[in-house]
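Each chain, written out:
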Amino acid sequence: MTPPEDSELLLLAQKGDTAALERLLLHHQSQIYRFGMKMCGNPEDARDVLQDSLLAMARSVRNFRGESSFSTWLYSIARSFCVKKHRKSRFAPEEKSLDTDAGPEIARLEDSGRRPDAAVAALEIQEVIENAIRKLEPAQREVLILRDVEGLTAAEVGDVLGISVEAVKSRLHRARSLMREYAAPALGIAPKMEAIPKTSTCPDLVTMFSGHLEGDIDSTACAAMEQHLQDCERCRNTCDSLKKTLSLCRAGSGPEVPSAVQESVRHALRLFLTSRA
Ligand SMILES: [Zn+2]
């Protein structure tokens, strides 16, 4: 999980090399900011989560023993700050809009004098995915973000959240199913689902396919699923739209950390590091 460069920086940082520590932390700022944006749903909270997380990591880097992976450690810290934000705002994230996030990007496109259709379409798709993620219950949202957006393994997600792998997977199956429901119609990838009746032989395709992604479906069950997909247009639609939705979750890796945020985070980090030197 941790690239070699990270582990070298980590070793140096743990020996007290503040330059290495700063490089290591700033190297992960986009990852933490993206996670904060998706979890909290607004740039102000994402900025606070980023800054608080980096300072907490700087404070505790010497205690990181590598029992968990670096990513697991990083997300555990970032998540704890998201949860704090969440409590303070009385479960507000669902109501807050991410529109402000798309704003600058749209403005930039308009500034250039033309709006490339592909770029605009990509922004709209991104927005559909963001909206769908925001509609999830917090417990499902964090599992989906960590597994399907950030790409942690189910076991790592369990470590971050302090829950069993089974609990991760059951939340994940539900979250994926809801994501498909929320996102697929807006993306135009669930054509006329309602027109095709569900047959009595239709399996719970979404859970099966989600289980398949987690490596939990044996080859016999997998073959049966494939066979059913060949014969059943409804389930084929479901499966295709699920695949597409999940691939868009992964592809939608933005947003970049705004330069003003990078600036202030770097400043806070420097202050902290020099005060300790
Ligand atoms: Zn079917």
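Values in this document were obtained by computation on a predicted structure and should not be read as measured data.

Peer 1: Pulling in residues and values, what's your account of the overall build of the protein?
Peer 2: In terms of regular secondary structure, the protein is built from 14 helices and zero strands. Listed N to C, the secondary structure of the protein is α-α-α-α-α-α-α-α-α-α-α-α-α-α in terms of helices and strands. Relative to its 277 residues, the protein shows a buried fraction of 48%. Contacts spanning at least 24 positions in sequence make up 75% of the contacts within the protein whose residues lie at least 6 apart. Of the roughly 14,200 Å² of accessible surface on the protein, 51% is carried by carbon and sulfur atoms.

Peer 1: Give a description of the coordination of the zinc ion that names residues and reports values.
Peer 2: Protein ligation of the zinc ion involves Cys202 (SG), His228 (NE2), Cys232 (SG) and Cys235 (SG), the donor distances falling in the range 2.1 to 2.3 Å. Coordination geometry of the zinc ion: the four donor atoms subtend angles of 99 to 114° at the metal centre, consistent with an arrangement described as tetrahedral. The motif formed by the donor residues of the zinc ion, counted along the single chain, is C-x25-H-x3-C-x2-C. Given the relative accessible area of 13%, His228 is considered buried. Overall, the relative accessible area of 8% leaves Cys232 in the buried class.

Peer 1: Quick rundown of the environment of Ser210? Include the residues and the values.
Peer 2: Note that Ser210 resides in helix H11 (residues 205-213). What makes Ser210 buried here is its relative accessible area of 0%. Those residues in contact with Ser210 that lie beyond four places of it in its chain are Leu172, His173 and Arg176.

Peer 1: So what's going on with the state of the cysteines? Which residues, and what values?
Peer 2: This model, assessed by the stated rule, comprises zero disulfides. Unpaired in this structure, Cys239 has its nearest cysteine sulfur neighbour in Cys235, at a distance of 8.5 Å.

Peer 1: An account of the pattern of salt bridges is requested, with residue identities and associated values reported.
Peer 2: Scanning the entire structure with this criterion turns up 13 salt bridges. Asp48 is paired through a salt bridge with Lys85; the nearest N and O atoms lie 2.8 Å apart. In this pair, Asp48 is assigned in helix H4 (residues 43-60) and Lys85 in helix H5 (residues 70-88), connecting sequence segments 37 residues apart. Taking relative accessible area as the criterion, Asp48 reaches 24% and is therefore assigned partly exposed. The class for Lys85 is buried, based on a relative accessible area of 17%. A network of salt bridges, in which partner residues are shared, links Asp45, Arg47, Asp48 and Lys85.

Peer 1: An account of the side chain of Thr245 is requested, with residue identities and associated values reported.
Peer 2: Structurally, Thr245 is set in helix H13 (residues 233-251). A relative accessible area of 0% means that Thr245 is categorised as buried. For Thr245, the residues in contact, after removing those within four places along its chain, are Ile129, Met179, Arg180, Ala183, Ala184 and Ile189.

Peer 1: Quick one: what's the story with H4, residue by residue and with numbers?
Peer 2: Between its first and last C-alpha atoms H4 spans 25 Å; for 18 residues at 1.5 Å apiece the expected length is 26 Å, and the two agree. By the burial criterion, the buried members of H4 are Pro43, Asp45, Ala46, Val49, Leu50, Ser53, Leu54, Leu55, Ala56, Met57 and Ala58. Capping of H4 at its N-terminal end is provided by Asn42; its side-chain oxygen lies 3.2 Å from the backbone amide nitrogen of Glu44.

Peer 1: I'd like to hear about the packing of helix H2 (residues 18-27) against helix H14 (residues 259-276), residue by residue, with values.
Peer 2: In the contact formed by H2 and H14, the axes pass within 11 Å of each other and the chain directions differ by 150°. Classified by the angle between their axes, H2 and H14 sit roughly antiparallel to one another. You can see that H2 and H14 cross each other, and the crossing is right-handed. Residue-level inspection shows Thr18, Leu21, Glu22, Leu25 and Leu26 of H2 in contact with H14, the latter providing Val265, Arg266, Leu269, Arg270 and Leu273. Across the contact of H2 with H14, the residue classes break down as six nonpolar, one polar and three charged.

Peer 1: Tell me about the packing of aromatic side chains, and name the residues and values.
Peer 2: Summed over all chains, the structure comprises four aromatic pairs. Here the aromatic rings of Phe70 and Trp73 are separated by 5.7 Å at their centres, their planes lie at 55°, and the arrangement is tilted. Placement of both Phe70 and Trp73 in helix H5 is noted, with a separation of three residues, approximately one turn of the helix. Taken individually, Phe70 and Trp73 each receive the classification buried, so the pair is uniform in this respect. Each residue in the set Phe64, Phe70 and Trp73 is aromatic and connected to the rest through ring pairs, giving one cluster. Between the NZ or CZ atom of Lys135 and the centre of the ring of Tyr182, over which it lies, the distance is 4.5 Å.

About the criteria used
Residues numbered from 1 in each chain as written. Predicted model: local features only at pLDDT ≥ 70, side-chain atom pairs only at ≥ 80, totals over all residues. Heavy atoms only, no water. Helix = DSSP H or I, 4+ residues; strand = E, 2+ residues; numbered from the N terminus. Buried < 20%, exposed > 50% of the residue type's maximum accessible area, 1.4 Å probe, protein only. Contact = heavy atoms within 4.5 Å. Areas by Shrake-Rupley, 256 points an atom, 1.4 Å probe, with all protein chains shown as cover. Donors = N, O, S within 2.8 Å, 3.2 Å for Na, K, Ca; no water. Tetrahedral: all angles 85-135°; square planar, octahedral: opposite > 155°, others 65-115°. Disulfide = S-S within 2.5 Å. Salt bridge = Lys/Arg side-chain N within 4 Å of Asp/Glu carboxyl O. Expected span 1.5 Å × (residues − 1). Polar contact = N/O pair within 3.5 Å; in protein donor to acceptor, adjacent residues only side chain to side chain. Axes fitted to C-alpha atoms, helices over the stretch in contact; angles between N-to-C directions. Parallel < 35°, antiparallel > 145°, perpendicular 65-115°, else oblique. Left-handed = near helix turned anticlockwise from the far one by under 90°. Nonpolar A, V, L, I, M, F, W, Y, C, P; charged D, E, K, R; others polar. Phe/Tyr/Trp six-rings, centres within 6.5 Å; stacked < 30°, edge-to-face > 60°. Lys NZ or Arg CZ within 6 Å of the ring centre and 35° of its normal.

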